[in-house]
Amino acid sequence: MSDSCSAATVASVTGGETGRPTGRTGPTGPVGPVDPVSPTGPTGTANPASPASSISPTETATPVRPPAVPVPAPAVPAFTGGMRVLFSDEDVVTLAGPVTSLTLRPVRDGVRTALERLAAGPLPAEGLYEGLRPAERARFEKVLDRARHLLAHAVLAPGDGRELLRLEPVARDSAYRPVAVPADATVRLSRFAFCRTRAGALVLESPLVKFRAVLADPAARTLAAALGEPCTPARLGADAGLDGPATTGVLGHLVGAGFAELADENGSFASDDEPVLRQWDFHDLLFHSRVRSGRYDDVFGAVYPHRGAVEPRPAVRPVPEGPAVPLHRPTREEIAAHDPSLTTAIETRRSIRGYGDQEMTARQLGEFLYRVARVRAHYTPEPGSDRDEVVSRPYPSGGQGYELELYVTVRRCADLAPGVYYYDPVGHRLVLRDGDEAARESLFHVASRATGMEARPDVLITVTARFQRMSWKYRAIAYATTLRHTGVLYQTMYLVATALGLAPCALGNGDADMSAELLGLDYLQESSVGDFLLGSRRPDDSVAGEPGEGWRMLNSPEWSLPENP
């Protein structure tokens, strides 16, 4: 394709942006290559001949210039996957995507012809623009600029022109430039890149990259698989059945976008060694990129993706069968008589992993659960209504989903037999699930291990989530919202336990598989997302006095309270 055509096409797809958006800019500059230049330097030149060369002092040395590494040809425009191009008889064309659409008018003559060609599949520029007058070509490029959020970058094989790779933008500010990949370079997938199936195609994705790479050709799929380990372009091309230019072309686009990396002179890769990236775990960064808007283009939020196809889970979980123990129901007057102020509860709240000699009581446990997690009200919509069935509890929940459930494992509690119980938030009672000592001690052992074996609690509260209660309504953010709810519930537990003079401690880890098995749950439908320890508080346990060594009081130290609530 001609240089002028290539430049115009790329500018229309990327909005004229340059640089590599996936590179992290910081004090040391962007991570990874951003310029489509040869590694020999900004001007494409190598170092002069070695001083050891036998050159007369009066002679002028002519630098030896190795062949410059060619930058891959720019990609050509293509429609993103799932795009439908709808032509009408009235010079109107609608570009209908899965999430957003664009209507163009008037679309006539050469512009319409070019759109029809593009709708049939990506073409080299000479094929796409064939027969268009200069004015039509200019109008068509304006159309491409308007539709750039619906366009992808297609990498075609030299010679036969088949599509090897398609880079689909997943954010409106997506942009990249291909880079030169030397024949002797070492290349590997980024530590954050992964393959999955999507809409019937194998795609390559990364939380660092604002594109999705559709591996359109078997050769591209073979090459992507081979990039799991460091390789040279020659080895990769041989495995994929591609010649040299086709191999370095695909690699140049994958490296330029950020899916793959070139090793440095030490054989290291940026995603392994760069100080910020090395502190991100793969799954953490992927999760972060998927549960916030900005670099993900799928349907997002409260879109009810399964309405009409799957029945929603009830707002109140059916109570399992088993012997039930009624719990104490406190009155507002009782609470007002002994409760500290909210400020006192907040300022004296802390995690406590040691417990008093005296047992906590069933009355205290009943008040704790009543104030933390009871169902206060239940709304049932009328038949035919599109409103949700919801409940109200003491802590907030997005969309009033209230998908969290509590299971209480008791080791030591006055007036309550040891066992594993389900908390019925409507009946305010405990339903025995398992009285076996080995089962409860297994749960307690995992909880103690999460504290470095420091704690041996009286009571363990296992927080589970009924996942489909949220995912029936929310797309992409259901599990993240559940974790937010867990944090909200933790704080509510802390404040109520502190007000009651108990010893609380939230845990950061637990065994969801083991607890699901012991509690008789289906891991994919309901399993643990949090754990909370509870016990009696030692009489001498206090936050009063000076802080420990290394601590320095800041910001209103006079708020420190002299005694426990």
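The shown structure was predicted, so the numbers you read here are calculated from the model rather than taken from an experiment.

### Thoughts on the overall build of the chain
Thinking step 1. The helix and strand inventory of the chain stands at 16 helices and 22 strands.
Thinking step 2. For the chain, with 565 residues in total, the buried portion stands at 46%.
Thinking step 3. The long-range fraction of contacts in the chain, counting pairs at least 24 apart against all pairs at least 6 apart in sequence, stands at 71%.
Thinking step 4. Of the roughly 28,000 Å² of accessible surface on the chain, 51% is carried by carbon and sulfur atoms.

### A short note on the sheet that holds strand β2 (residues 84-87)
Thinking step 1. Taken in spatial order, the three strands make up an open sheet running β2-β3-β4, and their pairing is antiparallel. At either end of the open sheet lies a strand with only one pairing partner, and these are β2 and β4 (101-104). Each neighbouring strand pair of the sheet contributes to a mean axis angle of 15°, computed without reference to strand direction.
Thinking step 2. The pairing of β2 with strand β3 (residues 93-96) spans four bridges and is classified as antiparallel. In the sheet register, Arg84 faces β3, and the bridge partner there is Ala96.
Thinking step 3. Strands in contact with helix α2 (residues 109-120) are β2, β3 and β4; relative to β2, the strand with the most contacts, it is inclined by about 145°.

### Quick word on the side chain of Glu274
Thinking step 1. Along the polypeptide, Glu274 turns up in the loop between α8 (270-273) and α9 (282-290).
Thinking step 2. Separated by 3.0 Å, the side chain of Glu274 and the backbone nitrogen of Val276 make a polar contact.

### Some remarks on the packing of helix α12 (residues 362-373) against helix α15 (residues 478-499)
Thinking step 1. The interhelical angle for the contact between α12 and α15, taken along N-to-C directions, is 140°, at an axis separation of 10 Å. One element, α12, and the other, α15, form an angle in the oblique class. In terms of crossing hand, the pair formed by α12 and α15 is right-handed. In contact with Phe368, Arg371 and Val372 of α12, α15 contributes Leu489, Thr492, Met493, Val496, Ala497 and Ala499.
Thinking step 2. Partitioned by chemical class, the residues of the contact of α12 with α15 number seven nonpolar, one polar and one charged.

### Considerations on the nonpolar core
Side chains of nonpolar character tend, in soluble globular proteins, to be buried together.
Thinking step 1. Grouped together as the largest cluster of nonpolar side chains are 40 residues, with contacts concentrated most on Leu165, Leu167, Val187, Leu223, Leu227, Leu254 and Phe259.
Thinking step 2. When residues of this core are traced back to their parent elements, those giving at least two are β6 (163-169), β7 (187-189), β10 (211-214), α5 (218-226), α6 (233-240) and α7 (244-257).
Thinking step 3. Among the elements that make up this core, the one with the highest residue count is α7 (six residues).
Thinking step 4. With residues near it in sequence (within four places) discarded, Leu254 still touches Leu165, Leu204, Ala213, Leu223, Leu227, Phe259 and Ala260.
Thinking step 5. Ala315, Val408, Val410 and Tyr421 belong to the second largest nonpolar core, which has 39 residues in total.

### Some remarks on the packing of aromatic side chains
Thinking step 1. Inspection of every chain in the model, using the stated rule, returns 11 aromatic pairs.
Thinking step 2. Ring centres 5.9 Å apart and planes at 80° place the aromatic pair Tyr129 and Phe140 in the edge-to-face group. One end of the pair, Tyr129, is in the loop between α3 (125-128) and α4 (134-146); the other, Phe140, is in helix α4, with 11 residues separating them in the sequence.
Thinking step 3. Ring centres 5.8 Å apart and planes at 75° place the aromatic pair Phe194 and Phe282 in the edge-to-face group. Here Phe194, found in strand β8 (residues 194-198), pairs with Phe282, found in helix α9; they are 88 residues apart in sequence, far enough to count as distant.

### Comments concerning the confidence of the model for the chain
Thinking step 1. Of the residues in the chain, 86% reach a pLDDT of 70 or more, and the chain-wide mean stands at 87.
Thinking step 2. For residues 1-60, every residue scores under 50 in pLDDT, and the model assigns this stretch 93 contacts once sequence neighbours within four places are set aside.

So, how was this worked out
Residues numbered from 1 in each chain as written. Predicted model: local features only at pLDDT ≥ 70, side-chain atom pairs only at ≥ 80, totals over all residues. Heavy atoms only, no water. Helix = DSSP H or I, 4+ residues; strand = E, 2+ residues; numbered from the N terminus. Buried < 20%, exposed > 50% of the residue type's maximum accessible area, 1.4 Å probe, protein only. Contact = heavy atoms within 4.5 Å. Areas by Shrake-Rupley, 256 points an atom, 1.4 Å probe, with all protein chains shown as cover. Pairing = 2+ DSSP bridges. Axes fitted to C-alpha atoms, helices over the stretch in contact; angles between N-to-C directions. Polar contact = N/O pair within 3.5 Å; in protein donor to acceptor, adjacent residues only side chain to side chain. Parallel < 35°, antiparallel > 145°, perpendicular 65-115°, else oblique. Left-handed = near helix turned anticlockwise from the far one by under 90°. Nonpolar A, V, L, I, M, F, W, Y, C, P; charged D, E, K, R; others polar. Core = buried A, V, L, I, M, F, W, Y, C linked by side-chain atoms within 4.5 Å. Phe/Tyr/Trp six-rings, centres within 6.5 Å; stacked < 30°, edge-to-face > 60°. pLDDT = per-residue confidence, 0-100.

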